[in-house]
Amino acid sequence: MPELPEVEIVTRRLRELIVGKTIIKARLIRAGLAPENSPRQFAASLRGARIDEVARRGKHILAHLSNQRTLITHLRMTGRFIYLNQDAEHTPHTHAALWLDGGKKLLFDDQRHFGVMVVARTTELDRVKHLSKLAPEPFSQEFSPEYLHDTLKRSSQQIKLALLDQTKVAGLGNIYASEALHRAKINPRLPAKRLSKPRIVSLRKEILAVLDEAIANDNQFEAGDLDTSYGRYDQMARVYEREGQPCPVCNALIRRFTQGARSTYYCPRCQRR
Ligand SMILES: [Zn+2]
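Since the structure is predicted, the reported quantities are computational estimates derived from the model, not experimental observations. (Residues numbered from 1 in each chain as written. Predicted model: local features only at pLDDT ≥ 70, side-chain atom pairs only at ≥ 80, totals over all residues. Heavy atoms only, no water.)

**Examining the packing of helix H4 (residues 145–153) against helix H7 (residues 197–216)**
Two elements in contact, H4 and H7, have axes whose closest approach is 9 Å; the angle formed by their N-to-C orientations is 120 degrees. The orientation of H4 with respect to H7, classified from their angle, is oblique. By crossing handedness, the relation of H4 to H7 is classed as right-handed. Seen from H4, the contacting residues are Pro145, Glu146, Leu148, His149 and Leu152; seen from H7, they are Lys197, Ile200, Val201, Leu203 and Arg204. For the contact of H4 with H7, a count of residues per class yields six nonpolar, one polar and three charged. (Axes fitted to C-alpha atoms, helices over the stretch in contact; angles between N-to-C directions. Helix = DSSP H or I, 4+ residues; strand = E, 2+ residues; numbered from the N terminus. Parallel < 35°, antiparallel > 145°, perpendicular 65-115°, else oblique. Left-handed = near helix turned anticlockwise from the far one by under 90°. Contact = heavy atoms within 4.5 Å. Nonpolar A, V, L, I, M, F, W, Y, C, P; charged D, E, K, R; others polar.)

Put into structure tokens, the structure is as follows:
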């Protein structure tokens, strides 16, 4: 699933492509993509609106429109945007389509049907269920050492699982949580509340570093490419999907175990405690 860096890259690409364009027509092709809007309401609330800004919140992409509405998209597993000329055919998994002025159209394609879209009033975004409980953005002032300390001190979850909890830290998923814990030399099973303040300060620093590097990795994308996948982070990962390979810090072999129904990768030596 794309995490904060991949969603940030898609957001930036979309911003370059569609800000300033007007939606001439919109169609919700698979109603389940936007269960909170009927297909008729979806089409009516987007038609005629200009796209004023594209922003990101956690793993969500927000397209703010001139009609006081915001189109919220969560890509989930396989959701992706495709930007085409208006006369191009839809892909077999096109679940929504926006026809834009200037002869272009934007498709939302999703092989596995986990993606979600919501059209909401821009002034009411704080109340939209997908956004209302999200933790502060990692790159915001609010995501301070004090915030992270106060949050983790109250959690008896294992630290890796606490990092995946979007109400505690927004935007991290399996890859970057594993990578940040390795860099901060923290055992992924350690209960969050047992982390000392200095280790939390270090963890916060490494979360920002790993996200920053992954976003900078953007140059591996081709211009105009809206499709992101984990493949592109492969060369940079120190532990993720590296079971049995030597740790780049200490040479111990990276291990994998299942935590919260997902794989956690870690170094048994660097992350002993
Ligand atoms: Zn190591």
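**Here we look at the nonpolar core**
In terms of nonpolar packing, the biggest core is built from 39 residues, with Leu152, Ile159, Leu163 and Leu203 touching the most fellow members. Ranked by size, the runner-up nonpolar core spans 29 residues in total, among them Val10, Leu17, Ile18 and Phe108. (Core = buried A, V, L, I, M, F, W, Y, C linked by side-chain atoms within 4.5 Å. Buried < 20%, exposed > 50% of the residue type's maximum accessible area, 1.4 Å probe, protein only.)

**Considerations on the pairing of strand E7 (residues 104–110)**
Most of E7 is tucked away, with six of its seven residues classed as buried. Where strand E6 (residues 94–100) lies against E7, six bridges are found, and the strand directions are antiparallel. The partner of Ala97 across the bridge, within E7, is Leu107. Counted along the chain from E6 to the antiparallel partner E7, the turn is three residues long, and its residue Gly102 has a positive phi close to 90 degrees. (Pairing = 2+ DSSP bridges.)

**Quick notes on unusual backbone geometry**
In this model, Gln68 sits at a positive phi of 65 degrees, which is unusual for a non-glycine residue. Considering the arrangement of structural elements, one finds Gln68 in the loop between strand E3 (60–65) and strand E4 (69–74). For Ala261, which is not glycine, the phi torsion reads 70 degrees and is therefore positive. Considering the arrangement of structural elements, one finds Ala261 in the loop between strand E9 (255–259) and strand E10 (262–266).

**Focus: the side chain of Thr264**
As for its position among the elements, Thr264 is in strand E10. Polar side-chain contacts of Thr264 include one of 2.7 Å to the side chain of Gln259. Setting aside anything within four residues of it in sequence, one finds Thr264 in contact with Lys160, Ser178, Pro188, Arg255, Arg256, Phe257 and Gln259. (Polar contact = N/O pair within 3.5 Å; in protein donor to acceptor, adjacent residues only side chain to side chain.)

**Digging into the coordination of the zinc ion**
Distances from the zinc ion to its protein donors, Cys247 (SG), Cys250 (SG), Cys267 (SG) and Cys270 (SG), fall within 2.2 to 2.4 Å. What the four donor atoms of the zinc ion show is an angle range of 97 to 114 degrees at the metal, which sorts the shape as tetrahedral. Between consecutive donor residues of the zinc ion, the sequence gaps follow C-x2-C-x16-C-x2-C. With a gap of 17 residues between them, Cys250 in the loop between H7 and E9 and Cys267 in the segment after E10 connect regions that are remote in the sequence. With relative accessibility at 0%, the residue Cys267 sits in the buried group. (Donors = N, O, S within 2.8 Å, 3.2 Å for Na, K, Ca; no water. Tetrahedral: all angles 85-135°; square planar, octahedral: opposite > 155°, others 65-115°.)

**Quick look at the packing of aromatic side chains**
For the structure shown, the criterion picks out four aromatic pairs. On the basis of an interplanar angle of 50 degrees and a centroid distance of 5.9 Å, the ring pair of Phe143 and Tyr147 is categorised as tilted. The interplanar angle of 70 degrees and the centroid separation of 5.3 Å between the aromatic rings of Tyr240 and Tyr265 together place this pair among those described as edge-to-face. Here Tyr240, found in the loop between H7 and E9, pairs with Tyr265, found in strand E10; they are 25 residues apart in sequence, far enough to count as distant. Residue Tyr240 shares its accessibility class with Tyr265, and that shared class is buried. Of note, Lys25 hangs over the ring of Trp99, and the distance from its end group to the ring centre comes to 4.2 Å. For Arg189, the ring lying beneath its charged end belongs to Phe257, and the centroid distance is 3.7 Å. (Phe/Tyr/Trp six-rings, centres within 6.5 Å; stacked < 30°, edge-to-face > 60°. Lys NZ or Arg CZ within 6 Å of the ring centre and 35° of its normal.)

**Observations concerning the pattern of salt bridges**
Taken as a whole, this structure holds 14 salt bridges when the rule is applied. Residue Glu8 pairs with Arg56 through a salt bridge whose shortest N-O separation is 2.7 Å. A residue pair is termed long-range when its members are at least 10 positions apart, and Glu8 in helix H1 (residues 4–18) and Arg56 in strand E2 (residues 51–57) qualify at 48 residues. Note that Arg256 and Glu243 form a salt bridge whose closest N and O atoms lie 3.3 Å from each other. (Salt bridge = Lys/Arg side-chain N within 4 Å of Asp/Glu carboxyl O.)

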